[in-house]
Structures are given as structure tokens and as C-alpha cells.
Amino acid sequence: MLEIIRVESGAQKRAFIELPYEIYRGSATWTPPLRMMEADRFNPKKNPGLDKLDVAYWLAYARGKPVGRCASFVNRAHLDIHDDQTGHFGFLDTCLGHPAAIEALLNAARQWLRDKGMVQMAGPYNFSVNEECGMLIDGFETKQMMLMPHGRPDYPKAMEALGFEKAMDTYAYISKLHEGYPRPPLMPKMQKMVEESASIQLRPMRKNRFDQEVALAMDIFNDAWSDNWGFVPYSDAQVKHMANELKMLIDPDGFWFGEVDGVAKGFVILAPNLNEALEGLDGRLFPIGWAKLLYRLKIKRLRSGRIPLMGIRKNVQKTRTGVALMMSLFEAAYAACRPKEMQRAELSWILETNKDVQNMIAMCGAEVWKTYRIYKVAL
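These figures come from a predicted structure and were not determined experimentally.

A. Quick peek at the environment of Pro188. Inspection of the secondary structure puts Pro188 in helix H6 (residues 186–196). Pro188 sits in the partly exposed class, given a relative accessible area of 42%. Taking the C-alpha atoms as reference points, Pro188 and Ser328, 140 residues apart in sequence, are found 9.0 Å from one another.

B. Focus on the side chain of Glu213. Assignment of secondary structure puts Glu213 in helix H7 (residues 210–224). According to the relative accessible area criterion, Glu213 is buried, its value standing at 3%. Other than its neighbours up to four places away in sequence, Glu213 contacts Arg203, Pro204, Met205, Arg206, Phe255 and Phe257.

C. Region of interest: the nonpolar core. In this structure, Phe255, Phe267, Met310, Phe330 and Ile361 are the most contacted members of the largest nonpolar core, which totals 68 residues. No other element matches helix H11 (residues 320–337), which puts 10 residues into this core. Those residues within four positions of Phe267 in sequence are excluded, and the remaining contacts are Ala217, Ile220, Phe221, Phe255, Trp256, Phe257, Leu309, Met310, Gly311, Met326 and Leu329. Ile5, Val55, Ala62 and Ala71 belong to the second-largest nonpolar core, a separate cluster that totals 56 residues.

D. Seen up close, helix H4 (residues 100–115). For H4, built from 16 residues, the straight-helix expectation of 22 Å at 1.5 Å per residue is met to within 8% by its first-to-last C-alpha distance of 23 Å. Taken together, the buried positions of H4 are Ala101, Ile102, Leu105, Leu106, Ala108, Ala109, Arg110, Trp112 and Leu113. Count one or two residues on from H4 and you reach Gly117, which has phi positive near 90°.

E. Seen up close, the pairing of strand S2 (residues 53–62). With nine of 10 residues buried, S2 is to be regarded as a mostly interior element. Note: S2 against strand S3 (residues 65–75), 10 bridges, orientation antiparallel. Residue pairing for S3: Val55 is matched across the bridge by Phe73. Where S2 folds back onto S3 in an antiparallel hairpin, the turn is made up of two residues, including Arg63, whose phi is positive at roughly 55°.

F. Fine view of the pairing of S3. Counting buried residues along S3, nine of its 11 residues qualify, which places the element largely inside the surrounding structure. In terms of strand pairing, S3 meets strand S4 (residues 86–94) through five bridges, oriented antiparallel. When the sheet's bridge partners are listed, Ala71 is paired in S4 with Gly90.

G. Inspection of the packing of H11 against helix H12 (residues 355–363) at higher detail. Relative to each other, H11 and H12 sit at 45°, their axes nearing to 10 Å. As the angle between them shows, H11 and H12 are arranged oblique. Crossing geometry of H11 relative to H12 is assigned as right-handed. Along its contact with H11, which presents Val323, Met326, Met327 and Phe330, the element H12 presents Met360, Ile361 and Met363.

H. Spotlight on the pattern of salt bridges. Applying the stated criterion across every chain, the model contains 29 salt bridges. Across the pair Lys46 and Asp40 runs a salt bridge whose closest N-O atoms are separated by 3.4 Å. Across the pair Asp282 and Arg284 runs a salt bridge, and its minimum N-O distance is 3.8 Å. Overlapping salt bridges bring together Glu18, Glu22, Arg25, Arg35, Asp282 and Arg284 as one network.

I. Unusual backbone geometry, seen in detail. With an omega dihedral of 10°, the bond running from Phe286 to Pro287 counts as a cis peptide bond. Summarising the element assignment, Pro287 is placed in the loop between helix H9 (274–278) and helix H10 (289–300). In this model, Ser348 is joined to Trp349 through a cis peptide bond whose omega is -5°. Locating Trp349 in the fold gives a position in strand S14 (residues 344–351).

J. Spatial organisation of H6. Buried residues of H6: Met187, Met190 and Val194, and no others. Take H6 and look down its axis: the buried residues cluster within an arc of 70°, on one side only. The exposed set on the far side of H6, more than 90 degrees from its buried face, consists of Lys189, Glu195 and Glu196.

Calculation criteria
Residues numbered from 1 in each chain as written. Predicted model: local features only at pLDDT ≥ 70, side-chain atom pairs only at ≥ 80, totals over all residues. Heavy atoms only, no water. Helix = DSSP H or I, 4+ residues; strand = E, 2+ residues; numbered from the N terminus. Buried < 20%, exposed > 50% of the residue type's maximum accessible area, 1.4 Å probe, protein only. Contact = heavy atoms within 4.5 Å. Core = buried A, V, L, I, M, F, W, Y, C linked by side-chain atoms within 4.5 Å. Expected span 1.5 Å × (residues − 1). Pairing = 2+ DSSP bridges. Axes fitted to C-alpha atoms, helices over the stretch in contact; angles between N-to-C directions. Parallel < 35°, antiparallel > 145°, perpendicular 65-115°, else oblique. Left-handed = near helix turned anticlockwise from the far one by under 90°. Salt bridge = Lys/Arg side-chain N within 4 Å of Asp/Glu carboxyl O. Arc of directions from axis to C-beta.

This is how it looks when you write it as C-alpha cells:
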């Protein structure tokens, strides 16, 4: 028999964080994230993104053992912008042998949000639209990239059986950096336009001004995506926190800006896929995990990467200059990472409604390889 409890104690919080390492151990498509980073994610002192959240964590127990987890939360930053009385759920993970755990956990989340005055629940979000979000609905046979959700086919089946409906799909594209040439005719034309323009310039990020460059990129990001479905801007505290995290995660050679008349209008970050370096470490850096990680990052080199962040300011979107800038930024990042033996890159995630960006990505030689779904249900 299942028992659902709200996480209160430190031991229960540790069990909540530890559960995925137990239930997905041995999965060919899941890479255990660094445990120290996971612990920080749930620590309000370490994660400024929690400042605007009212959160409840839930564990499902069977015979005294945790067999599932879920979080429910009210995101005040979301409500301030969208004013839709929608609460969210996330971190939904269950053991294969306990299918009833999904319904029981989501029922607890629904009741808690109902008590908070919400009229709808949407998710999964871990914790927001700017982090891991969406439930994998196809592409189960391939490994997850860094900072993307893991999934199993039984999850979406359970959601649909419980009456959840699609709110939005998002796509992850894969680009083979050494294939897809020659590009469609429009692509070289756009690149030539940038190369010959006196007002347009591409530049790599300035390594001696890392924090300022991240802040600039996120200012562009907040402007670029502000009209998108579900958008919530990054706060100043989150941008500062992100700059500290990205120092470990990204290669500056994959971080590029596009300027028009000396003003930054767009950016792209192509980061090495940290998951590839974390294989077999079980999320632990000690006693020897740190040495393996450094070897894979600095000497062996990673063969895959991910573009988690990109954007073009709204005042040049849908213009010839904006399109040329974005497509050229992709190619600049690819060109910088090819000599480091990177072979493929994921571009994720892209809203199913964002046809303009989808078309640009397709012209850069990428194809959809995974789809993630955000669900909704009335409370």
C-alpha cells in the first residue's frame, strides 16, 4: 500500500534528492547529475530561483521504502506576468514497479495547489520554464543531454490516463557538426551579408569579463524571448548565480555575440555536454571522480555539446539582419568547436509554435530528435 508524505525533515529531503539515483541506476539513457549540484538546486541559500517559489515536496513510500517523488509549487514570478492562477508540478520520478505512485503523488500536488487558490496545474517544471521542463514523449532510446529531463514511456501514458492535456510541446534538435554541407543557398548568402557588412560583427565572448558577458547575454535573452509562451525573465540574482555555474559548464570558445553598429543584438552559447563527462561517476566527484571528470573535459575531449541559450533582440527579429546574425552565430560556434573534436550538438528547447527559429535551425542542418510535453489539468 502506498503512503504519500510531505517532506519535512532533513532526512526526507535527502531521500527526495537521492531517489533518481536509485530508480534510474543502470538506465542506458540516464546520466546521474553531480550530487553536489543537485543538493544546491534544492537549497534556498544556494539557488536564488527559489526566492519566488512556495514549494511542497512529496514522497511516495511502499513498505517503508521511497518509490516515487514529486514537487508542487506556486511560482510568484510566473503569476506576476501571466496572472493565470496556474500552479506547477515537477521532479516527478517513480519506480517502474509502482505505477500507482504517479497518480497518488499528482493527487497530493493537486490538492496542495487547490488549497493555495490555484485553478490549474501545469508541468513538469524543474523548477521553472527556464530550467529542465517538459516530459519526454519521444526519443527515449537516446541519451539525455546536460540539463535536460530524463523520461520513460510509461510517464506520458500515465499522464494521459489521468486526464492531463497537452499545454505545449517543445523540440530538441540535433546537429551533426561535420555534416549537412553544402547548406541551403540562403545560408551562405546570409553569412556573406554578415562578412561584407561594415555594421555587423561577430565576436567571441571576452574571457576577462566573463560575469559581464553572461549578464549581457541574459539581458538579450530576457528581451528576445519576452513574448514567448510561458516566459518568465531571469532575475538579477539568477543571472549572477548563472555566471558562477557557467564558468564550470561552458567553453568560452563556444560563446559568441553578434553586434550591429557596436551594440550586442544576439548571442549563442554552445556548451560541452557535461553528461558525457559524468558517465559512470554516479554523480560523485570523490574519491577519484574529479580526476576522471578533468581528464574527460581537458584531455579526452567531449564529442557532444548543447546550445542551452541563444537569442536575438526583438528590434531585429524577423529582419534580414536578425536572421543573418542568428544563422552566422550558429556557424561561428560550430566552427570554433569542430577543432576540439565535437561532432554533434543539441539545440534545445524550441517551442512548437516558434516557426521562425525552427526554420533557421533547419537551415543550419539540424533535425528534431526529441519532443518534450508540458501538460495541464484543471484543479
